[in-house]
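# Geometric and topological summary
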2 protein chains.
Amino acid sequence: MDELDRAIIGALVEDARSTYAEIGGQVGLSAPAVKRRVDRLVQTGAITGFTARVEPSALGWTTEAYVELFCQGKTSPSAIALAVAGLPEVVSACTVTGEADALLHIRATDVRHVEQVIERIAAEPFVVRTKSAIVLTRLITPRPA
Amino acid sequence: MDELDRAIIGALVEDARSTYAEIGGQVGLSAPAVKRRVDRLVQTGAITGFTARVEPSALGWTTEAYVELFCQGKTSPSAIALAVAGLPEVVSACTVTGEADALLHIRATDVRHVEQVIERIAAEPFVVRTKSAIVLTRLITPRPA
DNA sequence: AGTGAAACCTTAATGGC
DNA sequence: GCCATTAAGGTTTCACT
């Protein structure tokens, strides 16, 4: 993992459909050399895949929210993971330090939809209470890496 | 934007390097038909690009945090955007309802690094105080769409 | 309008240097 | 890591529904 690898990753994050020759031109390598490095980066797990960047509003997901979860003391992270894994609206979830035990990122069609998802999560027996913040305006769009 | 478009987008989110023929096999269309729809989806902005999914830890970004920003009453969203746009550690930022004015998602090399970034943000004149939560374990990895 | 099939052209993938 | 060859996928055009 050297400076060239980071440059190649940067190019792929910018546009995953770039040809190996194009990337090679940017970083100063030939196409086969780039391919070997990309294969190695995928093999070692530095690159976990290639995905399309989608405009959520185009699919009708116009509302997003962040929800803090306050759980019972004995609640395990895996229990929380299990509870939210089935909900497609939960885009991201993690346990955190501080007052809250977990923080969820939710994408939904509208505020009413957000409310429904929160209700379903709050129905979990280990959830003591939730505290949510609806996103007003996005300043920086979430970017990979 | 019909059910076929959504299926194609789903396939591309799964793997942006799928061939048009492979996607066609999944959704029941020929390769050229898939390409035409993909081109249209890119043209209309439903698909904003293709990117590599990167494992942050492979690049040394092992620590992430969420930071709530409490600002002065007269602070505009654009002022916050301007202040954080220059920081590469800020992966995502948005204004939210509730007590806090904005919520930032930060990726850094370690806890000390997170602290430095927060200090820089707190130094902005419009920032009254910050409240941060360090991520302990990630339950659901942020996914596009 | 949108699709399916075929021709053409570009790019990916391999082996050798 | 670079160069050349072979195979595969992308791109365009045309006929059809």
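Now for a description of the structure that goes with this document. All figures in this text were calculated on a predicted structure; none of them were measured in a lab.

### With respect to the packing of helix H1 (residues 3-14) of chain A against helix H3 (residues 31-44) of chain A
Residue and element names in this part refer to chain A.
- Viewed as axis vectors pointing N to C, H1 and H3 meet at an angle of 85°, and their least axial separation amounts to 11 Å. On the basis of the axis angle, H1 is roughly perpendicular to H3. Contact with H1, carried on its side by Leu4, Asp5, Ile8, Ile9 and Leu12, involves Val34, Arg37, Val38, Arg40 and Leu41 of H3 and no other residues of that element.
- For the contact of H1 with H3, the per-class residue count stands at 7 nonpolar, no polar and 3 charged.

### Things to note about the protein's contact with DNA strand D
- By nearness alone, every residue bordering DNA strand D is listed as Leu29, Ser30, Pro32, Ala33, Arg36 and Arg37 of chain A together with Thr19, Tyr20, Pro32 and Lys35 of chain B.
- Sugar and phosphate atoms constitute 70% of the interface atoms of DNA strand D, taking the interface as everything within 4 Å of the protein.
- The separation between a phosphate oxygen of DNA strand D and a polar side-chain atom of Ser30 of chain A is 2.8 Å.
- The side chain of Arg37 of chain A places a nitrogen or oxygen atom 2.8 Å from a phosphate oxygen of DNA strand D.
- Going through the elements one at a time, H3 of chain A together with helix H3 (31-44) of chain B are the ones with two or more residues in the surface near DNA strand D.
- In terms of residues, the surface near DNA strand D owes the most to one element, H3 of chain A, which gives 4 residues.

### Side note on the interface of chain A and chain B
- The partner chain B presents 58 residues to the 58 residues of chain A that form the contact.
- Overall, the association of chain A and chain B removes approximately 5,300 Å² of surface from exposure, summing both partners, and the carbon and sulfur fraction of that is 56%.
- Interface area lost by chain A to chain B is led by Arg17, Thr51 and Leu139 of chain A, which between them contribute 14%.
- For the pair chain A and chain B, the number of links is 2 salt bridges.
- In this structure, Glu99 of chain B and Lys131 of chain A form a salt bridge, with 3.6 Å as the shortest nitrogen-oxygen distance.
- Linking chain A with chain B are 29 residue pairs in polar contact (both at pLDDT 80 or more), by the criterion used here.
- Per element, the largest residue contribution to the side of chain A that touches chain B is 9 residues, and it comes from strand E5 (residues 127-140) of chain A.
- A breakdown of the residues in the side of chain A that touches chain B according to their chemical character gives 37 nonpolar, 10 polar and 11 charged.
- Pairing of E5 of chain A with strand E3 (residues 90-96) of chain B, which is carried by 4 bridges, proceeds in the antiparallel orientation. Within the sheet, the bridge partner assigned to Ile140 of chain A lies in E3 of chain B and is Ala93 of chain B.

### Brief notes about the packing of aromatic side chains
- A full pass over the atoms with the stated rule returns 1 aromatic pair over all chains.
- When the ring centre of Phe50 of chain B is taken as origin, the NZ or CZ atom of Arg17 of chain A, which lies over that ring, is 4.5 Å away.
- Above the plane of the ring of Phe70 of chain A lies Arg129 of chain A, whose end atom (NZ or CZ) is 3.9 Å from the centre.

### Some thoughts on the environment of Leu103 of chain B
- By the element assignment, Leu103 of chain B lies in strand E4 (residues 102-108).
- Taking the C-alpha atoms as reference points, Leu103 of chain B and Ser78 of chain B, separated by 25 residues in sequence, lie 14 Å from one another.

### Focus: the sheet that holds strand E5 (residues 127-140) of chain B
- The sheet built from 8 strands closes into a barrel, its strands ordered E2(A)-E4(A)-E3(A)-E5(B)-E2(B)-E4(B)-E3(B)-E5(A) with antiparallel pairing. In this sheet, adjacent strand axes meet at a mean angle of 35° when their direction is disregarded.
- Pairing of strand E2 (residues 63-71) of chain B with E4 of chain B, which is carried by 7 bridges, proceeds in the antiparallel orientation. Residue pairing for E4 of chain B: Tyr66 of chain B is matched across the bridge by His105 of chain B.
- On top of the sheet, helix H4 (residues 77-85) of chain A reaches strand E2 (63-71), strand E3 (90-96) and strand E4 (102-108) of chain A together with E5 of chain B; it is set at about 85° to E5 of chain B, its chief contact.

### Brief notes about the relation of the copies chain A and chain B
- Superposing chain A onto chain B takes a rotation of 180° combined with a translation of 0.1 Å along the rotation axis, leaving an RMSD of 0.2 Å. On the angle and the small slide along the axis, the relation comes out as a two-fold axis. In terms of proximity to the rotation axis, the leading residue of chain A is Thr51 of chain A, whose C-alpha is 2.8 Å off the axis.

Rules behind the numbers
Residues numbered from 1 in each chain as written. Chains lettered and ligands numbered in written order. Predicted model: local features only at pLDDT ≥ 70, side-chain atom pairs only at ≥ 80, totals over all residues. Heavy atoms only, no water. Axes fitted to C-alpha atoms, helices over the stretch in contact; angles between N-to-C directions. Helix = DSSP H or I, 4+ residues; strand = E, 2+ residues; numbered from the N terminus. Parallel < 35°, antiparallel > 145°, perpendicular 65-115°, else oblique. Contact = heavy atoms within 4.5 Å. Nonpolar A, V, L, I, M, F, W, Y, C, P; charged D, E, K, R; others polar. Near = heavy atom within 4 Å. Polar contact = N/O pair within 3.5 Å; in protein donor to acceptor, adjacent residues only side chain to side chain. Buried area = accessible area lost by both parts, 1.4 Å probe. Salt bridge = Lys/Arg side-chain N within 4 Å of Asp/Glu carboxyl O. Pairing = 2+ DSSP bridges. Phe/Tyr/Trp six-rings, centres within 6.5 Å; stacked < 30°, edge-to-face > 60°. Lys NZ or Arg CZ within 6 Å of the ring centre and 35° of its normal. Least-squares fit on C-alpha atoms with pLDDT ≥ 70 in both.

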